[in-house]
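Tertiary structure, described
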Amino acid sequence: MYHYTALVTCLATAFYFFICARVARAHITYGVKLPATTGHPDFERVFRVQMNTLEWMPIFLPSLWLFAIYISDGLAAALGLVWIAGRILYMTGYSQAAKKRGRGFAIQAGAAVLLWLGALGAICWRLIHP
Amino acid sequence: MYHYTALVTCLATAFYFFICARVARAHITYGVKLPATTGHPDFERVFRVQMNTLEWMPIFLPSLWLFAIYISDGLAAALGLVWIAGRILYMTGYSQAAKKRGRGFAIQAGAAVLLWLGALGAICWRLIHP
Amino acid sequence: MYHYTALVTCLATAFYFFICARVARAHITYGVKLPATTGHPDFERVFRVQMNTLEWMPIFLPSLWLFAIYISDGLAAALGLVWIAGRILYMTGYSQAAKKRGRGFAIQAGAAVLLWLGALGAICWRLIHP
């Protein structure tokens, strides 16, 4: 079983849920009435944090689980925690200014790429050595 | 095996596909030419229904499957059906007016949160009682 | 194990990652400063390629894996490759003009629908013949 990876998946989902709730609050704070998602630059940065996190979900979640299954539950969970930490930095930075999103973005991208590379390498190894 | 959860996953995917097709039709009906996704409030509400459903997918699908694996296939599938029903209400309400999206949203959010809480609780239980 | 489907999942994720990187480059090329995602039609088409691929991920990935588990790893992977090929055609066509996105879209939609229909049929068969 993959208890640690399952736990980190729950944490990542909860963090993403929190980011979605921030957008709902920002709609009220900045007076951006639905269905609009533009109109105030501070709102738009909060919205882009959500969209970018959503955009990375199909990279992060499959890589996380393939890494867990093909390599290690504990190591996948540890890299998943790094991804969440990078995402938190990205959120706090981007909310201040578009320029301040770089460091958090690099950390989460690095964690996701390591998960992906590890999974790909292990899958190829198993295909070559059945 | 998790036949009922697999079936509900197919149903949720099909419903989401239907919501995407509605947006394609709305592009024509309201004369909103791609790549634009704004310009007519009725179109924008149809578009936001799709976006919001997409935004909830990374919350719903992992929670559904972790609940199925750690607790029960049948119960996960039943909560998944409640989620789809809430999503249908959300779609019909939001298509009429932005104000009418509340009840459907609350139902689907409740179902997703129950799936998430159940999965998290069961994962922690297994980690503490190996 | 589902080695071929796992490999195709890695390839689909890598292709989607490449599409996201194109958007980051297009922000610079067309002078569309974040958090904005509109303002230049050439940028908007590149952006819509990413959004549409993201929108199809919750249809493609669950259908791919349910097909692999319920029917065949090799056949799922082959249809997954067709989906990626259709997505590449869609990307190159749409980047030229909104009208040229049709053929690639149809190919990837066909592959995804086959995966979905196969999974649904096999799940129902197993539920009826336990």
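To be clear, the structure that these remarks concern was listed above.
Chains are numbered independently. Their residues run from 1 in the order of the written sequence. Think of it this way: whatever chain is written first is A, whatever ligand is written first is 1, and the rest follow in order. Local features in this predicted model are restricted to residues whose pLDDT is 70 or higher, and side-chain atom pairs enter the listing and the counts only when it is 80 or higher, whereas totals over whole chains, interfaces and linings include all residues. To get the side-chain values, take all heavy atoms of the structure and skip hydrogens and water.

**Details of helix α2 (residues 41-70) of chain B**
Residue and element names in this part refer to chain B. What counts, and what does not: A run of H or I in DSSP counts as a helix once it spans at least four residues, and a run of E counts as a strand once it spans at least two, with each numbered from the N terminus. Helix span is expected to be 1.5 Å times the residue number reduced by one. We define the bend at each residue as the angle formed by axes fitted to the 7 residues ending at it and the 7 residues starting at it. Three labels apply to residues, based on accessible area from a 1.4 Å probe with only protein chains included: buried if under 20% of the type maximum, exposed if over 50%, partly exposed otherwise in between.
Between the first and last C-alpha of α2 there are 43 Å, a value that for 30 residues agrees with the 44 Å anticipated at 1.5 Å per step. M57 marks where α2 bends most, by close to 40 degrees; the proline P58 follows one to four residues later. Counting buried positions along α2 gives 26 out of 30 residues, so the element sits mostly inside the fold.

**Structural notes on the relation of the copies chain A and chain C**
Cut-off, in case you're wondering: Least squares is used to superpose the copies, and the fit set is the C-alpha atoms of residues whose pLDDT is at least 70 in both copies. Residue contacts are counted whenever heavy atoms from the two residues lie within 4.5 Å of one another.
Here chain A sits on chain C after a turn of 120 degrees about the axis and a move of 0.0 Å along it, with an RMSD of 0.0 Å. The transformation relating the two chain copies, once decomposed into turn and shift, fits a three-fold axis. The two copies present different faces, since only 8% of the interface residues in chain A are matched by interface residues at the equivalent positions in chain C.

**Structural notes on the interface of chain A and chain C**
So the rule is basically this: When two components associate, each loses some accessible surface as probed by a 1.4 Å sphere; the sum of these losses over both components is called the buried area. Salt bridges, as used here, are contacts in which a Lys or Arg side-chain nitrogen is within 4 Å of a carboxyl oxygen on Asp or Glu. Each polar contact in these results corresponds to two N or O atoms within 3.5 Å; when the atoms are within protein, one needs to be able to donate a hydrogen and the other to accept it, and residues that are neighboring in sequence are counted only if both atoms are side-chain atoms.
Residue-level contacts link 25 residues of chain A with 23 residues of chain C. Summed over both partners, the interface of chain A with chain C comes to about 2000 Å²; 79% of that surface belongs to carbon and sulfur atoms. Where chain A packs against chain C, one counts 0 salt bridges. Scanning the region where chain A abuts chain C turns up 4 residue pairs in polar contact (both at pLDDT 80 or more). Elements that contribute at least two residues to the side of chain A that touches chain C include exactly α2 (41-70) and α4 (102-128) of chain A.

**What to know about the layout of surface pockets**
For the record, the criterion: A cavity here means a set of points on a 1 Å grid, drawn over the protein atoms and nothing else, where a 1.4 Å probe fits but cannot get out; a pocket is an open set with protein on both sides within 12 Å along at least five of seven lines, and a residue lines either one if it has an atom within 4 Å of a point. Grid points are joined across faces, edges and corners, and a volume is the space filled by probe spheres set on the points.
There is about 1500 Å³ of room inside the largest pocket. In terms of lining residues, the largest pocket is bounded by 39 residues, among which W65(A), W65(B), I69(B), W65(C) and I69(C) are the most central. Among the elements of the structure, α1 (3-29) and α2 of chain A, α1 (3-29) and α2 of chain B together with α1 (3-29) and α2 (41-70) of chain C are those that each provide at least two residues to the lining of the largest pocket.

**Points about the interface of chain A and chain B**
Short version of the rule: Under the convention adopted here, Pro, Cys and the residues Ala, Val, Leu, Ile, Met, Phe, Trp and Tyr are nonpolar, Asp, Glu, Lys and Arg are charged, and Gly plus all remaining residues are polar.
Contact with chain A, which involves 23 residues of that partner, is made by 25 residues of chain B. Buried area between chain A and chain B, summed over both chains or domains, comes out near 2000 Å², and the portion from carbon and sulfur atoms is 79%. At the boundary of chain A and chain B, one finds 0 salt bridges. Applying the counting criterion to the chain A and chain B interface returns 4 residue pairs in polar contact (both at pLDDT 80 or more). Within the residue set of the side of chain A that touches chain B, elements represented by two or more residues are α1 and α2 of chain A. With 10 residues, α1(A) is the single largest residue contributor to the side of chain A that touches chain B. Tallied by class, residues from the side of chain A that touches chain B come to 18 nonpolar, 5 polar and no charged.

Honestly, that's just the spatial picture; any functional story needs more than this.
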